[in-house]
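Next come the chains, spelled out residue by residue.
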Amino acid sequence: MNAEYNKKLVADMYVALNTKNLDAHDNYWHQDMIWHGPPGFGDIHGLENFKEQVMKPFYAAFPDYYVENDIVVADDTWASATGYLTGTHKGTYLDIEPTGKSIKMQFSDFWLIKDGKFSEAAHHSVGGLIEHGTEITAIACSTVNSYNGLVPVVGGFEGGVH
């Protein structure tokens, strides 16, 4: 695949994310994919596990979930995007009862692409906060170094564990 194909793969997958169409993800991910998530999730193996353990609970907790990319870069085997996710906390998520508060979470995602589909992904999110009373809870924060070297060399920056 080439960079333009991979950028379109990202854009099309985000349509599936925003329409909350779990079955559509079959078009974009290999069945044996691996998602390297933030603390609390760890590595999720397999597309069905990703849909059931990550996406379905998030959609239930944030029914107005919406994600938009600000920047997308790609080459022949990698794609990366950074942007914002928004939603209203209306269901229990990570043992946090609904607050009715809105969130805005900045994210960066890195995907390894093989045979035209995502085979592996590393998710990094910052600023995903839910306010309740005087307490603020971070719901999905992580560091790039938690991805065991998955993050490729991009623009002089090498992520992952050394």
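Calculation notes
- Residues numbered from 1 in each chain as written.
- Predicted model: local features only at pLDDT ≥ 70, side-chain atom pairs only at ≥ 80, totals over all residues.
- Heavy atoms only, no water.
- pLDDT = per-residue confidence, 0-100.
- Contact = heavy atoms within 4.5 Å.
- Helix = DSSP H or I, 4+ residues; strand = E, 2+ residues; numbered from the N terminus.
- Expected span 1.5 Å × (residues − 1).
- Polar contact = N/O pair within 3.5 Å; in protein donor to acceptor, adjacent residues only side chain to side chain.
- 1 Å grid on protein atoms, 1.4 Å probe; cavity = no way out; pocket = protein on both sides within 12 Å on 5 of 7 lines; lining within 4 Å.
- Points joined across faces, edges and corners; volume = space filled by probe spheres on them.
- Nonpolar A, V, L, I, M, F, W, Y, C, P; charged D, E, K, R; others polar.
- Salt bridge = Lys/Arg side-chain N within 4 Å of Asp/Glu carboxyl O.
- Buried < 20%, exposed > 50% of the residue type's maximum accessible area, 1.4 Å probe, protein only.

Asks: How would you sum up the confidence of the model for the chain? Please name residues and give values.
Replies: Summarising the model, the chain shows a mean pLDDT of 79, and 77% of its residues fall at 70 or more. Contacts from residues 129-162, a stretch scored under 50 in pLDDT, to residues over four places away or in other chains number 75 contacts.

Asks: Pulling in residues and values, what's your account of helix H1 (residues 3-19)?
Replies: Between its first and last C-alpha atoms H1 spans 25 Å; for 17 residues at 1.5 Å apiece the expected length is 24 Å, and the two agree. The backbone nitrogen of glutamate 4 has a side-chain oxygen 3.1 Å away, supplied by the residue at the start of H1, namely asparagine 2. Remark: lysine 20 follows H1 within two positions and exhibits a positive phi of approximately 60°.

Asks: Describe empty space enclosed by the protein, naming the residues involved and giving the relevant values.
Replies: Under the criterion given, the structure shown has one cavity of 30 Å³ or more. By volume, the largest cavity is sized at about 340 Å³. Contributing elements (two or more residues each) for the lining of the largest cavity: H1, strand S1 (29-36), helix H2 (47-61), strand S5 (102-114) and strand S6 (117-126). Taken together, the residues that form the lining of the largest cavity break down as 21 nonpolar, three polar and one charged.

Asks: Quick rundown of the pattern of salt bridges? Include the residues and the values.
Replies: Tallying each qualifying case throughout the model produces five salt bridges. Between lysine 7 and glutamate 4 there is a salt bridge whose closest N-O contact spans 3.8 Å. Residue lysine 7 and its partner glutamate 4 are both found in helix H1; the two are separated by three residues, about one turn of the helix. A residue is classified by how much of its surface remains accessible, and lysine 7, at 30% relative accessible area, is partly exposed. Since its relative accessible area comes to 55%, glutamate 4 is described here as exposed. For lysine 51, the salt bridge goes to glutamate 48, with nearest N and O atoms at 3.1 Å. Residue lysine 51 and its partner glutamate 48 are located together in helix H2, separated by three residues, close to a single helical turn. Residue glutamate 48 is classed as partly exposed on the basis of its relative accessible area of 41%. Linked by salt bridges that have partners in common, Asp26, Glu48 and Lys51 make up one network.

Asks: Pulling in residues and values, what's your account of the environment of histidine 45?
Replies: Its place among the elements puts histidine 45 in strand S2 (residues 43-45). Overall, the relative accessible area of 46% leaves histidine 45 in the partly exposed class.

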